[in-house]
Every structure is written in C-alpha cells, then in structure tokens.
Amino acid sequence: MTARRDELAANLDAVRRRIAAACEEAGRAADDVSLVVVTKFFPASDVRLLADLGVTDVGENRHQEAEAKAAECADLGLRWHFIGGLQSNKAAAVASYADVVESLDRAKLVGPLSRGAHARSHEVDVLLQVSLDPPGAEHRSGASPDDLADLAGRVAEAGMLRLRGLMAVAPLGEDPDAAFSRLAAIRDEFVRAHPDATVLSAGMSGDLEAAITRGATHVRVGSAVLGERPSVQ
Ligand SMILES: *Cc1c(COP(=O)(O)O)cnc(C)c1O
C-alpha cells in the first residue's frame, strides 16, 4: 500500500505541475483550474489514498461501479462527478450519490435526475455535455450545440438541479486544440445566456494543456494519475 501511495503521490504531483504550467502559459491563475481524478476501473482503496493525498473531486463513468465506490467511500467527503453515458432508467439512481452530473446530453434525462435529487433532498450540479464532432459525424455522446439552449431551459425549470456549465471530450483523432477552440466559442455564447454557468470541464490525461489554454475550469484526469486501465472497457 505504501508503494501504491508513493506512486499515486508522484503521479498527482506531476499532473498538478502540468496544470500549473499550463495555467501560467495561458496567463491564468493556478487555482482557476480544478482537478477531477477519474477513478473508473480502480478500487476504492485507491480513492481512499487519493483523498488522503488531498484530492477532493473524483469522476466515474459507470453507474454500478460508481454507486458501490461512492458508498464505500462515503466517509471521505469527496465530490463525486458522474462523467459517463447516462441511461434514463439509471439517471435517478445516479443523482442519489453524484454531486455533479457532467454528462447530461438529452432532455429525457432531466426529469429522472431531478426526481433523484428531490428524493435525496440534495441539489445536484449539472453540466451539459456538448458534442465536438463535426456535424454529420458518427454520433458519440454529447448534445449538438444547437440543442444546448433548450436543454438549459429544461434544467432551469426542473427542481433541485443547478446548471453550472458545459462538458466536452475532444473527438478521437482530431487535434485537441482545434476541438477545444470550437468549444471555447460554444461556451462564450452559452455563458452570455447563462452567466452563472461558467464551469467548463474539458481536458484529460493527453490533452489537458490544450483544454486549459481554451478556458477549461475543470480537467478530468485518469490514467496520468492512476496508471493504464485495462484496454477493454
Ligand atoms: C475516462 C475518462 C476520462 C479520463 O481519461 P484519461 O485519458 O485516463 O485521463 C475523462 N473524461 C471522460 C468522460 C472519461 O470517460
């Protein structure tokens, strides 16, 4: 366990330095960018070590795994971010442990998320996931930029959900800087209509610098902290 703790500590340190360097390069304050450590596929014992090393926010992308880990680590006071594809029949359950749902990408999810938050009497922060795929590309997750205004309206009307901003993943195979530059334009327009929704969750182990250059306030980093995941997901 000591060896694993040392490994995580060294990796965290390296990631924090990358974030600080990217902030400096972009002329931004280092505390402008928050680190969400993505712990999917790694055990609750790692989450515990991370909390001990000062991590406050963790991300998970699969409901069952997230639910179990959040329960096992309930004493740690962490903020749990749900960052994966959401099924409408699981959305209420996700809202029962997630503090932030980053992957709201269609209207059908709003009702169940709101109900789950009500059942827990706990407001849930919501980010709208926007697709950065070129129009017409094989659709991965994320709402089309044209649908954000409608989705935002629905979140604002539903109780117990707080609209905080946007989340995106750079498309595979594209230069992340080009993708995040489109994201910055989408976000500028979005924030004009929703001045309080200033969170921008973008950037992972491989592209966090490009995301910070383009205005990310949250980076979601998995493998650079925890090591390689099994390749079959
Ligand atoms: C797994 C995952 C991450 C972390 O990816 P790494 O490349 O391991 O840093 C970030 N965001 C989402 C949505 C993910 O599913």
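Throughout what follows, the structure given in this document is the object of discussion.

The rules we used
Residues numbered from 1 in each chain as written. Predicted model: local features only at pLDDT ≥ 70, side-chain atom pairs only at ≥ 80, totals over all residues. Heavy atoms only, no water. Near = heavy atom within 4 Å. Polar contact = N/O pair within 3.5 Å; in protein donor to acceptor, adjacent residues only side chain to side chain. Areas by Shrake-Rupley, 256 points an atom, 1.4 Å probe, with all protein chains shown as cover. Nonpolar A, V, L, I, M, F, W, Y, C, P; charged D, E, K, R; others polar. Helix = DSSP H or I, 4+ residues; strand = E, 2+ residues; numbered from the N terminus. Expected span 1.5 Å × (residues − 1). Buried < 20%, exposed > 50% of the residue type's maximum accessible area, 1.4 Å probe, protein only. Contact = heavy atoms within 4.5 Å.

Concerning the site of the ligand
Then step 1. Close to the ligand lie Val38, Lys40, Ile83, Met204, Ser205, Arg220, Val221, Gly222, Ser223 and Arg229, which account for all nearby residues.
Then step 2. Contact distances for the ligand include 2.8 Å between an oxygen atom and a backbone N or O atom of Ser223.
Then step 3. At 2.7 Å, a side-chain N or O of Arg229 approaches an oxygen atom of the ligand.
Then step 4. For the ligand, the accessible surface in isolation is 390 Å², of which the surrounding protein chains cover 87%.
Then step 5. Classifying every residue of the shell around the ligand by side-chain character gives four nonpolar, three polar and three charged.

Things to note about helix α7 (residues 176–193)
An α-helix turns once per 3.6 residues; consequently, residues spaced three or four apart project the same way.
Then step 1. The end-to-end C-alpha distance of α7, which contains 18 residues, comes to 26 Å, matching closely the 26 Å that a straight helix rising 1.5 Å per residue would cover.
Then step 2. Considered for burial, the residues of α7 that qualify are Ala179, Phe180, Leu183, Ala184, Ile186, Arg187 and Phe190.
Then step 3. Contacts from the buried residues of α7 go to β5 (124–129), α6 (148–157), β6 (161–167), β7 (199–201) and α8 (208–213).
Then step 4. The N-cap residue of α7 is Asp175: its side-chain oxygen and the backbone nitrogen of Asp177 are 3.1 Å apart.

No statement about biological role is implied by the geometric values presented.
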